[in-house]
Amino acid sequence: GSRVIRIAVGWTKPQPLWTKLNTDGSALGSPGLAGGGGIIRDCHGDWISGFARSIGFTTSFAAEFWALRDGLKLCLSLGINALEVEVDASSVVSLLANAAETNSEIASLVDDCRDMLKIFPQARIKHCYREGNKCADRLARIGTEMEEDFVIFEAPPSVITPLLILDKLGTTQDRICNEVVLAT
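Residues numbered from 1 in each chain as written. Predicted model: local features only at pLDDT ≥ 70, side-chain atom pairs only at ≥ 80, totals over all residues. Heavy atoms only, no water.

K.L.:
Would you mind showing me how to read the overall build of the protein chain here?
P.N.:
On a plain count of helices and strands, the protein chain comes out with five helices and eight strands. Counting from the amino terminus, helix and strand elements in the protein chain follow one another as β-β-β-β-α-β-α-α-β-α-β-α-β. Here the protein chain has a C-alpha radius of gyration of 16 Å; the compact-globule value for 184 residues is 16 Å, and the two agree. Across its three principal axes, the protein chain shows a C-alpha extent of roughly 55 × 40 × 35 Å. (Helix = DSSP H or I, 4+ residues; strand = E, 2+ residues; numbered from the N terminus. Rg over C-alpha atoms; globule rule 2.2 N^0.38 Å.)

Quick look at the structure:
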């Protein structure tokens, strides 16, 4: 059976000497007008860079891969060696993990992400809950509303600043989950 439990979820700092990339894709409808965004932070939780993209009309699944590709490209251009990537779409993580699996509509995006992940001396990608991905979510929403195609933010946009502070402080938000209880 299962029981409902409450867990505390927040953004966590990467290990010392590692950099963390959080990305998110957002579509207003599925398919709908989409945007992507991401944030790169150091092991202290400090801003390194961020970005937003206006993607146009697509699915949120495709938008997730657009954002991931943009984020990986930006990390490579910054010369990052040890990268931890977090996305809040578990389907993205599982598709990347299963090399045989492909999704024809976004095959080239997926291949680009797989190829770029291999370039980093150290890289890992994992799923995080959306409560731990608020900065990337906000940047993706900026992407859905932008006139420009792609913007790199050298400094955090003002709407991100309060979220950044809360993340750096390690604040959490409760999330209701189903805990699977295995019969003994």
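K.L.:
So what exactly am I meant to see when it comes to the pattern of salt bridges here?
P.N.:
A side chain with one charge may pair with a side chain of the opposite charge, provided their charged atoms come close. The full count for this structure, using the stated rule, is 14 salt bridges. Linking Glu 84 and Lys 126 is a salt bridge whose minimum nitrogen-to-oxygen distance equals 3.4 Å. Linking Glu 84 in strand S5 (residues 82-87) with Lys 126 in strand S6 (residues 122-127), this pair joins segments that are 42 residues apart in sequence. It is possible to trace a salt-bridge network through shared partners that takes in Lys 20, Glu 84, Glu 86, Arg 124 and Lys 126. (Salt bridge = Lys/Arg side-chain N within 4 Å of Asp/Glu carboxyl O.)

K.L.:
Looking at this structure, how should I read the environment of Ile 39?
P.N.:
Structurally, Ile 39 is set in strand S3 (residues 32-41). For Ile 39, a relative accessible area of 0% corresponds to the buried category. For Ile 39 and Asn 133, which are 94 residues apart along the polypeptide, the C-alpha to C-alpha distance reads 9.5 Å. Each residue touching Ile 39, except ones within four places of it in the same chain, is listed here: Lys 20, Leu 21, Asn 22, Trp 47, Ser 49, Gly 50, Cys 135, Ala 136, Leu 139 and Leu 164. (Buried < 20%, exposed > 50% of the residue type's maximum accessible area, 1.4 Å probe, protein only. Contact = heavy atoms within 4.5 Å.)

K.L.:
Honestly, the side chain of Asp 70 in this entry has me stumped. Any pointers?
P.N.:
Position of Asp 70 relative to the elements: it lies in helix H1 (residues 60-77). Those residues in contact with Asp 70 that sit more than four places away from it in its chain are Phe 51, Arg 53 and Phe 150.

K.L.:
It is not clear to me how the sheet that holds S6 should be interpreted in this structure. Could you clarify?
P.N.:
Backbone-to-backbone hydrogen bonds join strands into a sheet, with any given pair of strands oriented parallel or antiparallel. With respect to topology, six strands assemble into an open sheet ordered S6-S5-S2-S3-S4-S7, the strand pairing being mixed. Every interior strand has two partners, whereas the edge strands, S6 and strand S7 (150-153), have only one. Shown here is a sheet whose adjacent strand axes are inclined to one another by a mean of 15°, direction ignored. Across the sheet, H1 touches strand S2 (19-29), S3, strand S4 (47-58), S5, S6 and S7, and the angle it forms with S2 is around 150°. (Pairing = 2+ DSSP bridges. Axes fitted to C-alpha atoms, helices over the stretch in contact; angles between N-to-C directions.)

K.L.:
I tried to follow the packing of aromatic side chains on my own but got confused; where do I start?
P.N.:
Centre-to-centre distance and the angle between the planes together describe a pair of aromatic rings. This model, assessed by the stated rule, comprises two aromatic pairs. With 5.9 Å between their ring centres and 40° between their planes, Phe 51 and Phe 150 make a pair best called tilted. Within this pair, whereas Phe 51 is found in strand S4, its partner Phe 150 is found in strand S7, the two being separated by 99 residues in sequence. Judged by centre distance (5.4 Å) and plane angle (80°), the rings of Phe 61 and Phe 65 are edge-to-face. Highlighted residues: Phe 61 and Phe 65, both in helix H1, separated by four residues, approximately one helical turn. Given a relative accessible area of 24%, Phe 61 falls into the partly exposed group. For Phe 65, a relative accessible area of 0% translates into the label buried. Here the guanidinium or amino end of Arg 41 rests over the ring plane of Trp 11, the centre of that ring lying 3.8 Å away. (Phe/Tyr/Trp six-rings, centres within 6.5 Å; stacked < 30°, edge-to-face > 60°. Lys NZ or Arg CZ within 6 Å of the ring centre and 35° of its normal.)

K.L.:
Explain unusual backbone geometry to me, please; I cannot follow it from the model alone.
P.N.:
Negative phi values dominate among residues other than glycine, just as trans dominates among peptide bonds. Of note in the backbone geometry, Leu 17 takes a positive phi value of approximately 70° without being a glycine. Secondary-structure assignment places Leu 17 in the loop between strand S1 (2-9) and S2.

K.L.:
Explain the nonpolar core to me, please; I cannot follow it from the model alone.
P.N.:
The nonpolar side chains of a soluble globular protein tend to be buried with one another. With 25 residues, the main nonpolar core has Leu 21, Phe 65, Leu 68, Leu 72, Leu 83, Val 85 and Leu 96 as its most contacted residues. Counting residues per element, the ones that place at least two in this core are H1, S5, helix H2 (90-97) and helix H3 (107-119). The biggest single contributor to this core is H1, with six residues. Excluding residues within four positions of it along the chain, Leu 68 makes contact with Thr 23, Val 85, Val 92, Leu 96, Cys 113 and Ile 125. Of all hydrophobic cores here, the second largest spans 13 residues; its members include Ala 52, Ala 136, Ile 142 and Ile 160. (Core = buried A, V, L, I, M, F, W, Y, C linked by side-chain atoms within 4.5 Å.)

What is shown is where atoms sit, not what they do.
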